[in-house]
Amino acid sequence: RSKAERHGAAVFFSTEMGRDLYSSMQLERLLREAVADKAFEAALQPKVRIADRKVVGFEALARWREADGTIRSPAEFIRAATELGILNAVTFAVTDDALTAFDTLDARFGDETSISLNIAGVQANDPAFMSELVARIAASGRANRMILELTEDAMVQAPQFRALVQPMLGAAGIRVAIDDFGTGYSSLSVLAELDANELKIDRSFVTRIQHNPVNQRILRAIEKLAHAIGLQTVAEGVETQEELAYLQAESSVDIVQGYYFSPPMMVEDLMIWTRPDTSRRIYRIG
Ligand code: C2E
Ligand code: MG
Ligand code: MG
Ligand code: MG
């Protein structure tokens, strides 16, 4: 059963069933209200550098906070928001929330951490949207601490992104990460051309990697490729001590991110749970 069902909330938010059971007008009204209320927030998940276990940045993940306090995840609203044409508004709200978090974060983590934002392919290929996003980020004075995460498909199938948007990001000092790497299609020449800074290795290669010789070889190949074209690597979805131990001993992955260290949290909770130096786990449930 979906999370929405378990919590006894409106089932129509779950990804697949919704449209068949409820009118899209109802969903549209709720999402538009949420945009007007700025009810979209950034949950932040720490990125930890393997070498010294320092928190070097945070990924901002969209959350919808409903009027009754229910927190909804992207799987429950990103697709609908995209179809309703309000994804850009969601992204602006998440961006503003993330930029606001810097002041609080810096007091604890110093002023060199980054915040990563997730950008959909259609957005990346829309120069008007992207120039507004860049302007907002630049106005914060922290463009050089921002990273935009795009999937390889989003970048490869985006002629406007490569021709117009990437130079804009470069000029502003905003970095680019390739998200979910290994799950899409990209040619090596395009990857080299993209001028990204970071490659995020998809969780599917990381899960139980210590028991999976095929994924171990794939990881080694991805690392070689990444380092050959000058990208730092992030392993997504590290959940266990065993996965972390494997990555530390047997890989050259630079940064790890995952539930082992911390789930995405609202900034207030990060302040309670997270230390800058994570020589031990930084978050324990219970
Ligand atoms: P993503 O960018 O690959 O983000 C990682 C997802 O994995 C997040 O799910 C995160 O909570 C989850 N995760 C992190 N560590 C672990 C772990 O150790 N184990 C497991 N099983 N999962 C982990 P979330 O927040 O539900 O987001 C899902 C996807 O929704 C994101 O995948 C991203 O593609 C998209 N998304 C999130 N926020 C935004 C946004 O603001 N705009 C757009 N366009 N897409 C977004
Ligand atoms: Mg991401
Ligand atoms: Mg990812
Ligand atoms: Mg992923």
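Located above this text is the structure these notes cover.
Just so we're clear, the structure is a prediction, and the values are computed from it rather than from any experiment.

Novice: Would you mind going over the coordination of the magnesium ion (ligand 3) with me for this structure?
Specialist: Reference geometry at the metal: tetrahedral coordination by four donors gives ideal angles of 109.5 degrees; octahedral coordination by six donors gives 90 or 180 degrees. Those donors, Asp 179 (OD), Asp 180 (OD) and Glu 236 (OE), are the protein atoms that reach the magnesium ion (ligand 3), and they lie 1.7 to 2.4 Å from it. Between the magnesium ion (ligand 3) and the magnesium ion (ligand 2), the interatomic distance is 3.5 Å, and Asp 179 donates to each metal, bridging them. Pair noted here: Asp 179 is in strand β6 (residues 175–181) and Glu 236 is in the loop between β8 (232–235) and α13 (241–250), with a separation of 57 residues, a long-range link.

Novice: Can you walk me through the coordination of the magnesium ion (ligand 4) in this structure?
Specialist: Taken together, the protein ligands of the magnesium ion (ligand 4) are Asp 180 (OD), Asp 202 (OD) and Glu 236 (OE), with distances of 2.3 to 2.7 Å. Donor residues binding the magnesium ion (ligand 4) come from one chain and are separated in sequence as D-x21-D-x33-E. A separation of 3.1 Å is found between the magnesium ion (ligand 4) and the magnesium ion (ligand 3), which are bridged by Asp 180. One end of the pair, Asp 202, is in the loop between β7 (198–201) and α11 (203–206); the other, Glu 236, is in the loop between β8 and α13, with 34 residues separating them in the sequence. Like Asp 202, the residue Glu 236 is buried in the burial classification.

Novice: I would appreciate a short explanation of the pairing of β8 in the present structure.
Specialist: Alignment of β7 against β8, held across four bridges, turns out to be parallel. Among the inter-strand pairings, Ile 201 is bridged to a residue of β8, identified as Ala 235. Alignment of β8 against strand β9 (residues 255–256), held across two bridges, turns out to be parallel. Bridging from a neighbouring strand, Val 234 pairs with Ile 255 of β9.

Conventions we followed
Residues numbered from 1 in each chain as written. Chains lettered and ligands numbered in written order. Predicted model: local features only at pLDDT ≥ 70, side-chain atom pairs only at ≥ 80, totals over all residues. Heavy atoms only, no water. Donors = N, O, S within 2.8 Å, 3.2 Å for Na, K, Ca; no water. Helix = DSSP H or I, 4+ residues; strand = E, 2+ residues; numbered from the N terminus. Buried < 20%, exposed > 50% of the residue type's maximum accessible area, 1.4 Å probe, protein only. Pairing = 2+ DSSP bridges.

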